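Analysis of the macromolecular model
The lines below spell out each chain.
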Amino acid sequence: MKIIAIPPQGIFAVNCYLAVSEAGNAALIDAPEGTERILAAAEKNGVKIKKILLTHGHCDHIESLAELASATGAEVYIHEMDAGKLTDSYTNLSQFFSEYLEKPAEPYREAICLSDGDTIELDELKFTVLHTPGHTSGSTCYVIGGVIFSGDTLFKNSIGRTDMPDGNQITLFESLKRLENFRGEYDDYRLLSGHGSETTLTREKNNNPFLNGNMFDY
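Overview of the structure. Everything numeric in this text was worked out from a predicted model, so none of it was measured.

**A few points about empty space enclosed by the protein**
Inspection of every chain in the model, using the stated rule, returns 1 cavity of 30 Å³ or more. Of the voids in this model, the largest cavity is the one considered here, and its volume is about 30 Å³. For the largest cavity, the full set of lining residues is Gln9, Phe12, Ala13, Val14, Pro32, Glu33, Asp60 and Glu63. Its residues placed into classes, the lining of the largest cavity shows 4 nonpolar, 1 polar and 3 charged.

Given below as structure tokens:
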């Protein structure tokens, strides 16, 4: 699997990624501002976007969703607890941050709903859904190979905020504990988050103040 990181832009600086199969088909992780730059990145690398996997339904992560889905014909996936945000400008925060958006996130009604433990397959690629609520009720990490796409649940040295509609700090701490205790077939996992720089799960266990057994002090 090849992973192409598309540099963030705009005030929200959302990371998005193309996970590419051997056949050149790609799953796009999140759909932030910049439809044309995302399509250009796919074209430059000779890949076709077949699926869009959303880590959650906040406006900064779905700003270009409707346009990208229309342009590519890609299937869209989101956890069932966040599906309503794709058509609700209050819960997806568009009402709060409209002045900062390049353009309003268009409602999208054709997403495929996911639950914890579901898998999404694209050629030889197999993504496992890890439900990690707290930042939102449907926040999701996608695990594939030695990579975790963590959205706004866990960042390098930090975690997602919980002071917006649908956020819950206690629930987020429970999700962080799940990540801290996550055991897979790999000794360590690359952690590709929704904002900020790449890190690893082991590094965050050892250095992130919200993990390493310290989270319940907050």
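**Quick word on the packing of aromatic side chains**
Taken as a whole and judged by the stated rule, the model has 5 aromatic pairs. Ring geometry for Phe12 versus Phe97: centroids 5.8 Å apart, planes at 85 degrees, classification edge-to-face. Placement of the pair is Phe12 in the loop between β1 (2-6) and β2 (16-20) and Phe97 in helix α4 (residues 94-97), with a sequence separation of 85 residues. Aromatic pair Tyr186 and Tyr189: ring centres 5.7 Å apart, planes at 75 degrees, arrangement edge-to-face. The class for Tyr186 is partly exposed, based on a relative accessible area of 38%. Among the aromatic side chains, those forming a connected cluster through ring pairs are Phe182, Tyr186 and Tyr189.

**Considering the pattern of salt bridges**
Considering all chains together, one arrives at 8 salt bridges under this definition. Note that Glu75 and Lys51 form a salt bridge whose closest N and O atoms lie 2.7 Å from each other. Here Lys51 lies in strand β4 (residues 48-53) and Glu75 lies in strand β5 (residues 75-79), a separation of 24 residues in the sequence. Using a relative accessible area of 35% as the deciding quantity, one classes Glu75 as partly exposed. Two residues, Arg190 and Glu198, come together in a salt bridge whose shortest N-O distance is 2.7 Å. A relative accessible area of 35% places Arg190 in the partly exposed class. Among the ionic contacts, a cluster of salt bridges with common partners joins Asp82, Lys85 and Asp166.

**Brief notes about the environment of Asp118**
With respect to the helices, strands and loops of the structure, Asp118 is situated in the loop between β6 (112-114) and β7 (119-122). Asp118 gets classed as partly exposed once you look at its relative accessible area, which sits at 29%. Excluding anything up to four places from it in sequence, Asp118 contacts Cys113, Phe127, Thr128 and Val129. At a separation of 2.7 Å, a polar atom in the side chain of Asp118 contacts the main-chain amide nitrogen of Ser115.

**A few points about the pairing of β5**
For β5, the tally of buried residues reaches 4 of 5 residues, placing the bulk of the element in the interior. Summarising the sheet, β4 and β5 pair through 3 bridges and their orientation is parallel. Within the sheet, the bridge partner assigned to Lys51 lies in β5 and is Glu75. Here β5 pairs with β6 via 3 bridges, running parallel. In the sheet register, Tyr77 faces β6, and the bridge partner there is Ile112.

**Quick notes on unusual backbone geometry**
Its identity as a non-glycine residue notwithstanding, Asp123 has a phi of 55 degrees, on the positive side. The topology assignment puts Asp123 in the loop between β7 and β8 (125-131). Judged by relative accessible area, which is 41%, Asp123 ranks as partly exposed. With a phi close to 85 degrees, Asp166 is a non-glycine residue in the positive phi region.

**Let's talk about the sheet that holds strand β3 (residues 25-29)**
Strands sit in the order β1-β2-β3-β4-β5-β6 across an open sheet of 6 strands; the sheet is mixed. The outermost strands of the open sheet, each flanked by one partner alone, are β1 and β6. Across the sheet, the mean angle separating the axes of adjacent strands is 25 degrees when strand polarity is ignored. Pairing analysis gives 5 bridges linking β1 to β2, with the strands arranged antiparallel. Bridging across to β2, Lys2 finds its partner in Val20. Across the sheet, helix α3 (residues 65-72) lies against β3, β4 and β5, angled at about 145 degrees from β4, the strand it touches most.

The rules behind each value
Residues numbered from 1 in each chain as written. Predicted model: local features only at pLDDT ≥ 70, side-chain atom pairs only at ≥ 80, totals over all residues. Heavy atoms only, no water. 1 Å grid on protein atoms, 1.4 Å probe; cavity = no way out; pocket = protein on both sides within 12 Å on 5 of 7 lines; lining within 4 Å. Points joined across faces, edges and corners; volume = space filled by probe spheres on them. Nonpolar A, V, L, I, M, F, W, Y, C, P; charged D, E, K, R; others polar. Phe/Tyr/Trp six-rings, centres within 6.5 Å; stacked < 30°, edge-to-face > 60°. Helix = DSSP H or I, 4+ residues; strand = E, 2+ residues; numbered from the N terminus. Buried < 20%, exposed > 50% of the residue type's maximum accessible area, 1.4 Å probe, protein only. Salt bridge = Lys/Arg side-chain N within 4 Å of Asp/Glu carboxyl O. Contact = heavy atoms within 4.5 Å. Polar contact = N/O pair within 3.5 Å; in protein donor to acceptor, adjacent residues only side chain to side chain. Pairing = 2+ DSSP bridges. Axes fitted to C-alpha atoms, helices over the stretch in contact; angles between N-to-C directions.

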